[in-house]
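One-letter residues, chain by chain:
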Amino acid sequence: MPDDLMSKIKDTESEARRVIEEARKEARRIISETKAKAEKMLEETNQRARSEYREAINRIEKEAEVASQKIVEKSIAESRKFIEKHRSIVPEIAVWLAEEVRTRYGHSRA
């Protein structure tokens, strides 16, 4: 019986070592898969973030373009109003300016 008991103990120890080794292999496999999944998720998140960043930049650029176009249109309208408002006095000022130049520098047609 002692030999039988020793044999059972050795078999049990051997079985335990095998189970532990299989558990370690399984743990390494699980860790490896988890790392791979985490890296894939990180890359996908980075790609999504870059895509969202590009979309945000494009949207902001379009909004800025629209805003700048409105500013330009408003400035053109204000310029036209200014021109129309002062159009009637341009000939008057031109005559006055010509008289000032003649008075100051003399009248000469050389």
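Residues numbered from 1 in each chain as written. Predicted model: local features only at pLDDT ≥ 70, side-chain atom pairs only at ≥ 80, totals over all residues. Heavy atoms only, no water.

Peer 1: Just to check I follow, could you spell out the overall build of the protein for this structure?
Peer 2: Along the backbone of the protein there are two helices and zero strands. For a compact globule of 110 residues, the expected C-alpha radius of gyration is about 13 Å, and the protein comes in at 45 Å, more than 25% above that figure. Counting only C-alpha atoms and orienting by the principal axes, one finds that the protein spans roughly 145 × 30 × 15 Å. The buried share of the protein, taken over its 110 residues, is 0%. For the protein, the distance from the average position of its 25 positive side-chain charges to the average position of its 23 negative side-chain charges is 6 Å. (Helix = DSSP H or I, 4+ residues; strand = E, 2+ residues; numbered from the N terminus. Rg over C-alpha atoms; globule rule 2.2 N^0.38 Å. Buried < 20%, exposed > 50% of the residue type's maximum accessible area, 1.4 Å probe, protein only. Lys, Arg positive; Asp, Glu negative; His and termini not counted. Charge placed at Lys NZ, Arg CZ, Asp CG, Glu CD.)

Peer 1: How should the pattern of salt bridges be read in this particular structure?
Peer 2: Opposite charge on two side chains makes pairing possible when the charged atoms of those side chains draw close. Tallying each qualifying case throughout the model produces seven salt bridges. Between E22 and R18 there is a salt bridge, with its nearest N and O atoms 2.2 Å apart. Of the two residues, E22 and R18 both sit in helix α1 (residues 2-86), four residues apart, roughly one turn of that helix. On the basis of relative accessibility, which here comes to 44%, the residue E22 falls in the partly exposed class. The exposure class assigned to R18 is partly exposed, which follows from its relative accessible area of 40%. Of the charged contacts, one joins R28 and E21 as a salt bridge, the two residues approaching to 3.5 Å between their closest N and O atoms. (Salt bridge = Lys/Arg side-chain N within 4 Å of Asp/Glu carboxyl O.)

Peer 1: In this structure, what is going on with a nonpolar patch on the surface? I would like to understand it.
Peer 2: Together, I89, I93, W96, L97, V101 and Y105 line one region of the surface with nonpolar side chains, adding up to about 630 Å² of accessible area. Along the chain, L97 turns up in helix α2 (residues 90-105). (Patch = residues over 30% accessible without salt bridge, like charges linked within 9 Å, V, L, I, M, F, W, Y side chains within 5 Å. Areas by Shrake-Rupley, 256 points an atom, 1.4 Å probe, with all protein chains shown as cover.)

Peer 1: How should I be thinking about the environment of S14 in this particular structure?
Peer 2: By secondary structure assignment, the location of S14 is in helix α1. When the C-alpha atoms of S14 and E43 are compared, they prove to be 43 Å apart, with 29 residues separating the residues in sequence.

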